[in-house]
Amino acid sequence: QVQLVESGGGLVQAGGSLRLSCIVSGRTFDHYSMGWFRQAPGKEREFVAGIRWNGGTTYYPNSVKGRFTISRDNTKNMVYLQMNSLKPDDTAAYYCAVSDKRPYGSRWYHATEYAYWGQGTQVTVSS
């Protein structure tokens, strides 16, 4: 089994920044792709960032490109999401996830590409 725990969410004003962290345990981590998703009440779960096992390839949707940065530290089994220039529309529960399918192209967006999920951390951006 793989376990993931997110942290770092909170309340921030529009234009501010937060850094989310996710620690992974229970399985070999080095060659797993990682993703961050978010979900607001009444909305579908939305992909926001992905990263390959060695950190050399990252992927973002246009909604966050240029504002969010995903990174990982395999020596610590950690993945991060740096969020800058936050907007009220970024308000959601944020989840990290593990994929062993090496997502590519649009497959990064599909939750079915990810086998394991954390419990989520809430991000609230005020106007």
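Everything that follows concerns the structure shown earlier in this document.
For the structure given in this document, a descriptive report is provided here. (Residues numbered from 1 in each chain as written. Predicted model: local features only at pLDDT ≥ 70, side-chain atom pairs only at ≥ 80, totals over all residues. Heavy atoms only, no water.)

Formed by 28 residues in total, the largest nonpolar core has its most connected members in Leu4, Trp36, Phe68, Ile70, Leu81, Met83 and Tyr94. Elements that contribute at least two residues to this core include exactly strand S3 (18-25), strand S4 (33-39), strand S5 (46-51), strand S7 (68-73), strand S8 (78-83), strand S9 (92-99) and strand S11 (121-126). Setting aside chain neighbours within four positions, we find isoleucine 70 in contact with Met34, Trp36, Ala49, Gly50, Ile51, Thr58, Tyr60, Val79, Tyr80 and Leu81. Formed by five residues, the second largest nonpolar core is a distinct cluster that contains Phe37, Phe47, Ala97 and Trp108. (Core = buried A, V, L, I, M, F, W, Y, C linked by side-chain atoms within 4.5 Å. Buried < 20%, exposed > 50% of the residue type's maximum accessible area, 1.4 Å probe, protein only. Helix = DSSP H or I, 4+ residues; strand = E, 2+ residues; numbered from the N terminus. Contact = heavy atoms within 4.5 Å.)

On inspection of all chains with the given rule, the structure shows four salt bridges. Salt-bridge contacts for aspartate 90 lead to arginine 38; the nearest nitrogen and oxygen are separated by 2.8 Å. You can see aspartate 90 sitting in the loop between S8 and S9 and its partner arginine 38 sitting in strand S4, a full 52 residues away along the chain. With respect to burial, aspartate 90 and arginine 38 carry one shared label: buried. (Salt bridge = Lys/Arg side-chain N within 4 Å of Asp/Glu carboxyl O.)

Although it is not a glycine, serine 85 sits at a positive phi angle of roughly 50°. Within the secondary structure, serine 85 is located in the loop between S8 and S9. Its identity is not glycine, yet arginine 102 carries a phi of approximately 50°, on the positive side. Relative to the helices and strands, arginine 102 resides in the loop between S9 and strand S10 (116-117).

Remember, this is a structural readout, not a statement about activity or role.
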